[in-house]
Amino acid sequence: MIDFDALPAGTTGVIQIDLGQLAANWQALRDEVLPARCGAVVKANGYGLGADRVVPALANAGCQTFFVATLSEAREVRGLAPSATIFVLDGVLPGSEAAFLEIDAVPVLSNLEEVGDWSAYARQHGTTLPAALHVDTGLNRLGLPIKDIRQIASQAHYLDPLKIYLVMSHLASADEPQNAQNQAQLNVFEGLLPLLPTVATSIAASDGLMLGKPFHGQLVRPGYALYGGQASQGQATPVKPVVSVYARVLQVADLAPGQSVGYSATYKPSEQRKIATIAAGYADGILRSASASNDERGGQVAFAGQTAPIVGRVSMDLTTVDVTDFEDGVIKRGMWAEIVGPTISLEQAGAHAGTIGYEILTSLSRRFHRIYTGEERISA
Ligand SMILES: *Cc1c(COP(=O)(O)O)cnc(C)c1O
């Protein structure tokens with residue numbers, strides 16, 4: 001629970017991040033996938049939770065392999081985890097080769113041109129360079145198609161100057177354990193491995209690692225699950241929530257029959273209601289798509305375990321909720337409304353906004369006060 005009384009005066013919103021639980025989640029996944037190894041995906045500023053706190057917590061828990069999206073993210077992680085292996089999922093763009101060497105980051109190479117450029121750079125400098133290869137097995141987003149893998153494997157100038165750390169692929173439908181695309185992608189992946197030097201393989205993210213041993217390869221790459229997210233629609237992942245988000249009630253007011261609430265007057269009840277206005281809006285992670293009108297339900301907040309539905313449009317800084325069902329005087333100015341926490345999971349917050357918990361996490365406010373807890377519980 002958050003110690004609201006200890007917050008700086010005037011705080012309107014707070015995000016609590018339990019680093020001890022984050023570390024415990026990583027360790028639970030590490031144990032789940034043994035003897036495969038477990039990395040951690042910390043892109044997008046540690047899924048919005050603050051890479052500067054998330055990375056040291058994971059490193060102290062024993063994590064030695066980090067995945068980021070971009071070079072600048074890799075630079076930050078290098079400063080936080082001096083001895084870790086850092087993979088950059090977006091790969092190496094022309095002109096950034098030297099920067100990769102400087103911070104000892106490993107590019108994930110996803111197309112033939114990129115492999116050719118990185119090998120040429122290695123030859124020019126008379127050295128061998130580290131790389132991961134990303135194979136496309138059906139996601140059709142980033143990755144080398146099979147025909148290009150054949151070409152790389154058959155022409156020595158591509159791979160000779162490279163030290164391949166990892167061959168990886170990414171699943172399209174791993175959140176649905178029954179989806180036949182999972183096994184189909186695994187089959188394609190396993191079919192092309194004999195073409196490549198024997199190295200570690202990686203195919204599973206948070207959802208994929210729940211598909212079982214055949215999907216673990218030598219290294220799994222969870223992101224969302226570390227932060228307490230349940231990515232799989234099948235089996236529950238053995239992780240617990242890390243994040244809770246609360247914002248303050250600024251006003252409670254009666255709404256007279258026939259009056260409307262918010263921009264464009266989308267909510268206009270015919271009977272008297274009681275409306276609480278919360279100090280959080282779409283700039284804070286209550287997405288505008290969680291708005292509600294007379295015809296459509298939206299998101300909700302909670303007070304001590306009881307939910308209150310959002311009514312009207314979510315605006316930038318404010319959200320209105322209907323608290324008519326609470327006993328008179330229970331919901332008061334200055335109280336804290338739960339946006340994500342014990343009553344409203346990340347997945348529910350996502351579903352209410354027509355999206356996924358991932359988008360909620362990475363949209364969480366930069367203006368809310370942040371509290372990091374549980375660091376003292378971390379041990380390798
Ligand atoms: C973001 C990402 C991951 C992590 O995915 P989660 O669902 O958050 O576990 C793993 N691999 C790749 C290639 C990614 O882009």
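All of the points below concern the structure found in this document.

Basis of the calculations
Residues numbered from 1 in each chain as written. Predicted model: local features only at pLDDT ≥ 70, side-chain atom pairs only at ≥ 80, totals over all residues. Heavy atoms only, no water. Pairing = 2+ DSSP bridges. Helix = DSSP H or I, 4+ residues; strand = E, 2+ residues; numbered from the N terminus. 1 Å grid on protein atoms, 1.4 Å probe; cavity = no way out; pocket = protein on both sides within 12 Å on 5 of 7 lines; lining within 4 Å. Points joined across faces, edges and corners; volume = space filled by probe spheres on them. Nonpolar A, V, L, I, M, F, W, Y, C, P; charged D, E, K, R; others polar. Axes fitted to C-alpha atoms, helices over the stretch in contact; angles between N-to-C directions. Parallel < 35°, antiparallel > 145°, perpendicular 65-115°, else oblique. Left-handed = near helix turned anticlockwise from the far one by under 90°. Contact = heavy atoms within 4.5 Å. Salt bridge = Lys/Arg side-chain N within 4 Å of Asp/Glu carboxyl O. Buried < 20%, exposed > 50% of the residue type's maximum accessible area, 1.4 Å probe, protein only. Near = heavy atom within 4 Å. Polar contact = N/O pair within 3.5 Å; in protein donor to acceptor, adjacent residues only side chain to side chain. Areas by Shrake-Rupley, 256 points an atom, 1.4 Å probe, with all protein chains shown as cover. Sits in = over half its atoms within 2 Å of the grid points.

A look at the sheet that holds strand β3 (residues 40–41)
- Here we have seven strands laid out as an open sheet, ordered β3-β4-β5-β6-β7-β8-β9, and parallel in their pairing. Edge positions in the sheet fall to β3 and β9 (200–202), since each has one partner strand and no second.
- Pairing between β3 and strand β4 (residues 65–68): two bridges, direction parallel. The residue of β4 that forms the bridge with A40 is F66.

Description of empty space enclosed by the protein
- Per the stated rule, a full pass over the model turns up one cavity of 30 Å³ or more.
- Empty space within the largest cavity amounts to approximately 110 Å³.
- Forming the walls of the largest cavity are 14 residues, and the residues nearest its centre are I286, A290, Q300, I339 and A349.
- Residue assignment for the lining of the largest cavity shows that the elements contributing at least two residues are β13 (300–303), β16 (336–340) and α10 (346–352).
- The residue makeup of the lining of the largest cavity, split by class, is 10 nonpolar, four polar and no charged.

Focus on the layout of surface pockets
- Reported here for the largest pocket is a volume of approximately 790 Å³.
- Forming the boundary of the largest pocket are 35 residues, of which K43, H170, A205, D207 and Y358 lie nearest the centre.
- Of all the elements in the fold, those that place two or more residues in the lining of the largest pocket are α2 (43–47), α10 and α11 (357–363).
- Looking at which element gives the most residues to the lining of the largest pocket, the answer is α11, with four residues.
- Here the residues of the lining of the largest pocket sort into 18 nonpolar, nine polar and eight charged.
- As a volume, the second largest pocket reaches approximately 230 Å³.
- If you trace the second largest pocket, you find it lined by M1, I2, Q16, D18, P241, V242, V243, S244, Y246, G341, P342 and T373.
- For the lining of the second largest pocket, the elements supplying multiple residues, two or more each, are β1 (13–18) and β11 (243–255).

Topic: the packing of helix α1 (residues 19–33) against helix α3 (residues 51–60)
- Following both chains from N to C, one finds α1 and α3 inclined at 50°, their axes separated by 9 Å at the closest point. Comparing the axis directions of α1 and α3 gives the class oblique. You can see that α1 and α3 cross each other, and the crossing is right-handed. Along its contact with α1, which presents L19, L22, A23 and W26, the element α3 presents R53, V54, A57 and L58.
- Residue composition of the contact of α1 with α3, grouped by class: seven nonpolar, no polar and one charged.

Concerning the pattern of salt bridges
- Enumeration over the complete set of coordinates arrives at 11 salt bridges.
- A salt bridge links R273 to E271; the shortest N-O distance between them is 3.3 Å.
- We classify R273 as buried; its relative accessible area is 18%.
- Taking the relative accessible area as the measure of exposure, E271 reaches 40% and is therefore partly exposed.
- R367 is paired through a salt bridge with D317; the nearest N and O atoms lie 2.8 Å apart. Linking R367 in the loop between α11 and β17 (369–373) with D317 in the loop between β14 (306–309) and β15 (319–322), this pair joins segments that are 50 residues apart in sequence.
- A residue is classified by how much of its surface remains accessible, and R367, at 49% relative accessible area, is partly exposed.
- Under the relative-accessibility criterion, D317 is labelled partly exposed at 34%.
- Through salt bridges that share partners, D254, K274 and D328 make up one connected network.

Some remarks on the site of the ligand
- Near the ligand lie 14 residues; those nearest to it are K43, Y47, S206, G223 and Y358.
- Between an oxygen atom of the ligand and a side-chain N or O atom of K43, the distance comes to 2.8 Å.
- In this structure, an oxygen atom belonging to the ligand sits 2.5 Å away from a side-chain N or O atom of S206.
- Its free accessible area being 390 Å², the ligand has 90% of it covered by the protein chains.
- The pocket occupied by the ligand, as judged from atoms lying within 2 Å of grid points, is the largest pocket.
- Here the residues of the shell around the ligand are counted per class, giving eight nonpolar, three polar and three charged.

What to know about unusual backbone geometry
- The omega torsion across L34 and P35 is 5°, close enough to zero to call that bond cis.
- Along the chain, the position of P35 falls in the loop between α1 and β2 (37–38).
- Unlike most non-glycine residues, N140 shows phi in positive territory, near 55°.
- By the element assignment, N140 lies in the loop between β7 (129–134) and α7 (146–154).
- For A265, which is not a glycine, the phi torsion comes out positive at approximately 50°.
- Looking at where A265 falls in the secondary structure, it is placed in the loop between β11 and β12 (273–278).
- We classify A265 as partly exposed; its relative accessible area is 35%.

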